[in-house]
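So the chains spell out like this:
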Amino acid sequence: MPVPFRSAGDARLTVAKEPAGTYDMISLDAFSSDSVPTHLLTVEALEIYFRALKPDGLVLLHISNRNMALEPAAAAAAKAVGASALTQNFRPRNLHRLAAQSSDVMILSKSEATLAPFRADPRWREPDMRGSRAWTDDYTNVAGAVL
């Protein structure tokens, strides 16, 4: 039986209430505004997401932001929780700006088998951590992420 879609509320608080091993995928799309909810990209947040996932589940992060580079911090947090990450930077070509916009997406999983099909696709690459330190509930470096 499919698990119902949940979208209302803070992702950390909502997912933390779910039973362990409930989801195949958790998708977060909360980072494109000028007010970035950094608490959703911390080590503690990823631990909550991965607890709610099945062992072969994945986290999908839409990390596009016109003011901040979120890839390094998200990749460092993934590494800190024992997950692997892949990134895709979609840049539309020859399309009107209203037809398609660029997107930065990251997938995280603790299962290499889950990531294997993505690794085989040349559009996906290893993320650039640029020596970034993982964000935690006690540490975020917003100034370091500003473009």
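The following refers to the structure shown. This structure is a prediction, so every number in the text was calculated from the model and none was measured. (Residues numbered from 1 in each chain as written. Predicted model: local features only at pLDDT ≥ 70, side-chain atom pairs only at ≥ 80, totals over all residues. Heavy atoms only, no water.)

1. A word on the environment of F31
Link 1 in the chain: Turning to its location among the elements, F31 is positioned in the loop between β1 (23-28) and α2 (43-52).
Link 2 in the chain: Judged by its relative accessible area of 0%, F31 is buried.
Link 3 in the chain: Along the primary structure F31 and L61 are separated by 30 residues, whereas in three dimensions their C-alpha atoms are 8.8 Å apart.
Link 4 in the chain: Ignoring sequence-local partners within four residues, the contact set of F31 consists of V36, P37, L40, L41, L61, H62, I63, S64, N65 and L70. (Helix = DSSP H or I, 4+ residues; strand = E, 2+ residues; numbered from the N terminus. Buried < 20%, exposed > 50% of the residue type's maximum accessible area, 1.4 Å probe, protein only. Contact = heavy atoms within 4.5 Å.)

2. Comments concerning the environment of E71
Link 1 in the chain: Here E71 lies in helix α3 (residues 71-80).
Link 2 in the chain: In this structure, the C-alpha to C-alpha distance between E71 and L86, residues 15 residues apart in sequence, is 9.9 Å.
Link 3 in the chain: Here R125 takes part through its side chain, which lies 2.9 Å from a polar atom of the side chain of E71. (Polar contact = N/O pair within 3.5 Å; in protein donor to acceptor, adjacent residues only side chain to side chain.)

3. Observations concerning the packing of aromatic side chains
Link 1 in the chain: All told, the structure shown has 1 aromatic pair when counted by the stated rule.
Link 2 in the chain: Considering the side-chain rings of F118 and W124, the 5.5 Å spacing of their centres and the 85 degrees angle between planes classify their relative orientation as edge-to-face.
Link 3 in the chain: Stacked on the ring of Y139, the Lys or Arg R133 has its end atom at 3.7 Å from the ring centre. (Phe/Tyr/Trp six-rings, centres within 6.5 Å; stacked < 30°, edge-to-face > 60°. Lys NZ or Arg CZ within 6 Å of the ring centre and 35° of its normal.)

4. Here's the deal with the side chain of N65
Link 1 in the chain: Within the secondary structure, N65 sits in the loop between β2 (53-62) and α3.
Link 2 in the chain: A polar contact of 2.7 Å, which involves the side chain of N65, links it to the backbone nitrogen of N67.
Link 3 in the chain: Of note is the side chain of N65, whose polar atom sits 2.9 Å from the backbone nitrogen of M68.
Link 4 in the chain: In this view, N65 contacts F31, S32, S33, V36, L70 and L147; residues no more than four positions away in its chain are not counted.

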